[in-house]
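# Inside the fold
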Amino acid sequence: MIKPLVGQSKTPAGIVLRGARELAAMREAGRIVARVHEAMQRAVRPGMSTAELDAIAEDVIRSHDAIPTFLGYHGFPASICTSINDEIVHGIPSPERLLKEGDIISIDVGATFKGWVGDSAWTYAVGAISSEAQALLDATEGALWAGIEQARSGNRLGDISSAVQAYAAESRGFAIIREYSGHGVGRQMHEPPQILNYGQPGTGIRLRPGMVFALEPMVAAGHWLTKVDADGWTVRTQDGSLSAHFEHTLAVTPDDPMIMTIL
Ligand code: MG
Ligand code: MG
């Protein structure tokens, strides 16, 4: 019998529990992702193309000796996903796609550093945006923080899911996107468990210290049904309504959740 390495134990649900050294390494990957978002926040403005944003992001990632996790992932052709207005996720950067005043753009970033993945998305306002768009951004970011607050040892996965749903949908009148979800993260970008953005409190697996999750509410101002463009990647709302996406990578600890993808 092979004795598991410290911090490498697996739960029955197949979720790897990370030890302190592994979490410290993941924190470094997450910090690089946060630096990319810092650069994105500065760069997003009317007239900027999504390909230019991609180039800036790739430069930041590589300058930290990290690898753009998304590049080549199932054939994805860029380092970030750029999803504008009714696009929800997986938009492909393009030199022809220019940001306009009043747009909202969701930028999803993954970086792999020393074999560990950090994953974080944020939706940015391009110049001045409508009050409806701002409300959607506020509700979606708030839903992420409501979910993070529930990512505590002893809670269940459904406590996260229901908190996200309650914040974004029930109290604000927006729709949770149901066809895409959050996930475990570690050596791979997508590991067990799947983390739905809707659900019932008190259900699902019990959370334990060392679990690392990417929580990522996606919220539509209209209906939650989605469609995929002919490019095979870009996911948008069927009804053309605006959509926002906020994501952090975080670890469950004995105390407060440890957010990886901040500076
Ligand atoms: Mg992501
Ligand atoms: Mg993710």
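Below is a short write-up of the structure. In this text the structure is predicted, and so the values were computed from the model without any measurement.

Below, the discussion takes up the nonpolar core. Membership of the largest hydrophobic core comes to 71 residues, with the highest contact counts inside it found for Leu53, Ile105, Ile107, Ile160 and Phe213. The element contributing the most residues to this core is helix α1 (residues 20-43), with 9 residues. Residues within four places of Ile160 in sequence aside, it is in contact with Gly147, Gln150, Ala151, Ile195, Leu207, Phe213 and Leu215. Ranked by size, the runner-up nonpolar core spans 6 residues in total, among them Ile88, Val89, Met218 and Val235.

Attention now moves to the sheet that holds strand β10 (residues 218-220). With respect to topology, 3 strands assemble into an open sheet ordered β6-β10-β13, the strand pairing being antiparallel. For this open sheet the edge positions go to β6 (175-176) and β13 (243-245), each flanked by a neighbour on one side alone. Direction of pairing for β6 relative to β10: antiparallel, over a ladder of 2 bridges. Counterpart to Ala175 in the pairing with β10 is Ala220. Strand contacts of helix α3 (residues 131-149): β10 and β13, with the helix running at about 35° to β13, the strand carrying the most contacts.

Its volume calculated, the largest pocket comes out at about 370 Å³. Every residue lining the largest pocket is counted, 21 residues in all, and those nearest its centre are Tyr73, His90, Tyr180, His190 and Glu216. Each residue belonging to the lining of the largest pocket can be placed in one class, and the counts come to 9 nonpolar, 7 polar and 5 charged. Of the pockets and cavities examined, the second largest pocket occupies roughly 210 Å³. If you go around the second largest pocket, the residues you meet are Ala34, His37, Glu38, Gln41, Ser120, Trp122, Tyr124, His248, Thr261, Ile262 and Leu263. For the lining of the second largest pocket, the elements supplying multiple residues, two or more each, are α1 and β5 (116-125). With 4 residues, the top contributor of residues to the lining of the second largest pocket is α1.

Pro192 connects to Pro193 through a cis peptide bond whose omega is 0°. You can see Pro193 is positioned in strand β8 (residues 191-195). Even without a glycine there, the phi angle at Asp65 is positive, about 60°. Structurally, Asp65 can be placed in the loop between α2 (50-63) and β1 (67-68). Judged by its relative accessible area of 66%, Asp65 is exposed. Positive phi, close to 50°, is recorded for His74, a residue that is not glycine. Positionally, His74 belongs in the loop between β1 and β2 (80-84). We classify His74 as exposed; its relative accessible area is 67%.

Parameters at a glance
- Per chain, the residues get numbers from 1 upward, laid out in the order the sequence is written.
- Here the convention is simple: chains get letters from A, ligands get numbers from 1, in the order in which they are written.
- Where totals are concerned, whole chains, interfaces and linings use all residues; where local detail is concerned, this predicted model gives features only for residues with pLDDT of at least 70, and gives and counts side-chain atom pairs only at 80 or more.
- Calculation of side-chain values draws on the structure's entire complement of heavy atoms; hydrogens and water are dropped beforehand.
- Within this scheme, the nonpolar core is defined by two criteria: the residues are buried Ala, Val, Leu, Ile, Met, Phe, Trp, Tyr or Cys, and they are joined through side-chain atoms within 4.5 Å.
- Buried, partly exposed and exposed residues are distinguished by accessible area as a fraction of the type maximum, computed with a 1.4 Å probe on protein chains only: under 20%, between the cut-offs, and over 50%, respectively.
- Only runs of H or I of at least four residues qualify as helices and only runs of E of at least two qualify as strands under DSSP, and these elements are numbered from the N terminus.
- The contact criterion used is simple: two residues touch if any of their non-hydrogen atoms lie within 4.5 Å.
- Between any two strands, pairing holds if DSSP finds at least two bridges.
- Lines fitted to the C-alpha atoms define the axes, with helices restricted to the stretch that makes contact. Angles between their N-to-C directions range from 0 to 180 degrees.
- Cavity and pocket criteria rest on a 1 Å grid covering protein atoms alone: a 1.4 Å probe that fits but cannot get out defines a cavity, protein on both sides within 12 Å along at least 5 of 7 lines defines an open pocket, and an atom within 4 Å of a point defines a lining residue.
- Grid points are joined across faces, edges and corners, and a volume is the space filled by probe spheres set on the points.
- Only Asp, Glu, Lys and Arg are considered charged in this grouping, and only Ala, Val, Leu, Ile, Met, Phe, Trp, Tyr, Cys and Pro are considered nonpolar; every other residue, Gly among them, is considered polar.

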